[in-house]
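Single-letter residue listing:
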Amino acid sequence: AQSVTQPDIHITVSEGASLELRCNYSYGATPYLFWYVQSPGQGLQLLLKYFSGDTLVQGIKGFEAEFKRSQSSFNLRKPSVHWSDAAEYFCAVGTNAGKSTFGDGTTLTVKP
Amino acid sequence: DAGVIQSPRHEVTEMGQEVTLRCKPISGHDYLFWYRQTMMRGLELLIYFNNNVPIDDSGMPEDRFSAKMPNASFSTLKIQPSEPRDSAVYFCASRLHSGGGTDTQYFGPGTRLTVL
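Residues numbered from 1 in each chain as written. Chains lettered and ligands numbered in written order. Predicted model: local features only at pLDDT ≥ 70, side-chain atom pairs only at ≥ 80, totals over all residues. Heavy atoms only, no water.

**Student:** Mind laying out the overall build of chain B, listing which residues take part and the relevant values?
**Tutor:** Counting secondary structure elements, chain B contains zero helices and 11 strands. Going from N to C terminus, chain B has its helices and strands arranged as β-β-β-β-β-β-β-β-β-β-β. On the principal axes, the C-alpha backbone points of chain B span a range of 40 × 30 × 25 Å. Relative to its full complement of 116 residues, chain B shows a buried share of 51%. Of the contacts formed within chain B by residues at least 6 apart in sequence, a portion of 54% connects residues at least 24 apart. Surface accessibility of chain B: about 5500 Å² in total, with carbon and sulfur atoms responsible for 50%. (Helix = DSSP H or I, 4+ residues; strand = E, 2+ residues; numbered from the N terminus. Buried < 20%, exposed > 50% of the residue type's maximum accessible area, 1.4 Å probe, protein only. Contact = heavy atoms within 4.5 Å. Areas by Shrake-Rupley, 256 points an atom, 1.4 Å probe, with all protein chains shown as cover.)

Given below as structure tokens:
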């Protein structure tokens, strides 16, 4: 069975600073990988996804993620964080049948 | 498109009462998922449907929970009887299967359930 670990429960960065959120996955086959963002009181919104091809994936809102098979990682990055990026971020690994397993999430706080 | 619609957005009920959560997926989508989110357990998949047929209900916590999808545009998640530990945010999501696992799931805004 697949699993996802997000080692950081909470991260605080200053506005304008760079951001990296970590995600490690476990899956026996080639993984489908996703990053979602959840703002308070809202549902989850897809930021980006990866299955094959270029290991650096671009998403919405200026986010990108890099797939590293050797490290079983799919870390999310943004070069300059905005106050509106404060939210909870979820990494997920999915199967071909569409069933996804989510990590526990990382809460991002942005300092002015 | 209005996106995935869930109702009610908030529900407060007393222990022992029946609770019904509703979901309208995006038109044309053939998969529907029900998730539960709590601080303790994070986001858990409860059940999912493909073309209105339940495919995997292994995440349903116990017999008090049941889900139906009578047609392509409507699904319900019922808890009977409800217990305080069922308090959570319940999300519905839908997707259109186009042949790969990277099809995007679109989430509804969730129903915040409080059982007193």
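**Student:** Tell me about the environment of Ile79(B), residues and numbers included.
**Tutor:** All names here are of chain B. Within the secondary structure, isoleucine 79 is located in strand S8 (residues 74-79). With a relative accessible area of 0%, isoleucine 79 lands in the buried category. Once the C-alpha coordinates of isoleucine 79 and serine 7 are considered, the two residues, 72 residues apart in sequence, prove to be 15 Å apart. If we skip the residues at most four places from it in the chain, isoleucine 79 touches Gln17, Glu18, Val19, Arg64, Phe65, Asp86, Tyr90 and Leu113.

**Student:** Mind laying out the nonpolar core, listing which residues take part and the relevant values?
**Tutor:** Among the nonpolar cores identified, the biggest contains 26 residues, and Trp35(A), Leu48(A), Leu76(A) and Tyr89(A) are the most heavily contacted of them. Those elements that place two or more of their residues in this core are strand S2 (10-14), strand S3 (19-21), strand S5 (32-38), strand S6 (44-50), strand S8 (64-68), strand S9 (73-78), strand S10 (87-94) and strand S12 (106-111) of chain A. It is S10(A) that contributes the most residues to this core, four residues altogether. Those residues in contact with Leu76(A) that sit more than four places away from it in its chain are Leu19(A), Glu20(A), Leu21(A), Trp35(A), Leu47(A), Leu48(A), Phe63(A), Glu64(A), Ala65(A) and Tyr89(A). Counting 21 residues, the second largest nonpolar core, distinct from the first, contains Cys23(B), Met60(B), Ala67(B) and Ala88(B). (Core = buried A, V, L, I, M, F, W, Y, C linked by side-chain atoms within 4.5 Å.)

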